[in-house]
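The residues making up each chain are set out below.
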Amino acid sequence: QRAGSPPSYSLRYNTTLGELEFWDGTNWNTINQTKAWEVDNTATHWWKSEGIASNSSWVAQVGGVNFGTGNTNNLVYSASDSDFNSNKSLSFNVGTVDGYGYLRTPYSDDTYWDPPEAWSVVMVMRKMDHTSNTSFGDSIFVQGYNQTTSGSWAVDIGGDHTWGNGYGEQVGGVQAYTTSGPWPQTGIFCFRCGANGASSNYMWQPSGQSSFTTVATASSLPSSLPGSGFDYLSIGNFDTTSSNHEGIFKVAEIAYYKGSRISDNELSRFSTYAKNKFNI
């Protein structure tokens, strides 16, 4: 417990707060510290690599919502992936030309995103290839609408079609990494946006690099987006059985921020955590 009148500038460790404190002669004061992302972050949902249980189950570290029900067609679980420093991963449609593997969260209206609120996602991933078509598919991370596809939208490191009032993989398209690549690319992907889609950034930090590159920007949400009823998140595809436009990638970790645009500082701390853990 805190002593009532210790010698000035006494130090103590507060086990309740997890903070160092010092006595200034009158009060106990917290010593500001930059903590590691994994012990101090603002993610509302976190799917840690260690939580990947199989090709049909990814148990949440934070947020209490697991990825599960979807389609395991061409979805492969690895307990020790050499691309991610022997950590666990899930691969989607690698080595196939016709697949639609995806996992999604349980349906729950406006639980994961309630537009026009801010949101962000950060993913440790390896994109292997990119197919080109105009149907559903090839989506890294999806904001799902009304237990279906129409009205849903997604984000990705690169894309070939936009939302278009029905579905799509980008706000306004990403040009840095198009269908031709170069692939594969391993690194950290981030999409973040403020309320109403303000200051939207598609960001990528390739393996071996120490900073993010903004590959595309937008200033608003997709046009004519539904104002409510978003009820699932998914990885790999929309909630559909469309199989002629598959995403081809692997993912090892995901942090999701409902209601906030991740700050540069927190993104930098996540990068430090991920680079050390996955040797990227």
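Residues numbered from 1 in each chain as written. Predicted model: local features only at pLDDT ≥ 70, side-chain atom pairs only at ≥ 80, totals over all residues. Heavy atoms only, no water.

Draft legend 1. Highlighting the pairing of strand E2 (residues 19-23). What you see with E2 is a clean split: Glu19, Glu21 and Trp23 sit on the buried side and Leu20 and Phe22 on the side with no burial. Looking at chain direction, strand E1 (residues 11-14) and E2 are connected through four bridges and run antiparallel. Bridging from a neighbouring strand, Tyr13 pairs with Leu20 of E2. The antiparallel pairing of E1 with E2 creates a hairpin that spans four residues between the two strands, and Gly18 there sits at a positive phi of about 70°. With three bridges connecting them, E2 and strand E3 (residues 28-30) associate as antiparallel partners. Directly across from Phe22, in E3, lies its bridge partner Asn29. The hairpin turn running from E2 into E3, its antiparallel successor, is four residues long, and Gly25 in that turn takes a positive phi close to 105°. (Buried < 20%, exposed > 50% of the residue type's maximum accessible area, 1.4 Å probe, protein only. Helix = DSSP H or I, 4+ residues; strand = E, 2+ residues; numbered from the N terminus. Pairing = 2+ DSSP bridges.)

Draft legend 2. Representation of the side chain of Thr105 within the structure. When you line up the elements, Thr105 lands in the loop between strand E10 (102-104) and strand E11 (119-130). Judged by relative accessible area, Thr105 falls into the buried class, the value being 1%. Separated by 3.5 Å, the side chains of Thr105 and Tyr112 make a polar contact. Here Thr105 is in contact with Trp47, Val65, Asn66, Phe67, Tyr112, Tyr232 and Leu233, once residues within four sequence places are set aside. (Polar contact = N/O pair within 3.5 Å; in protein donor to acceptor, adjacent residues only side chain to side chain. Contact = heavy atoms within 4.5 Å.)

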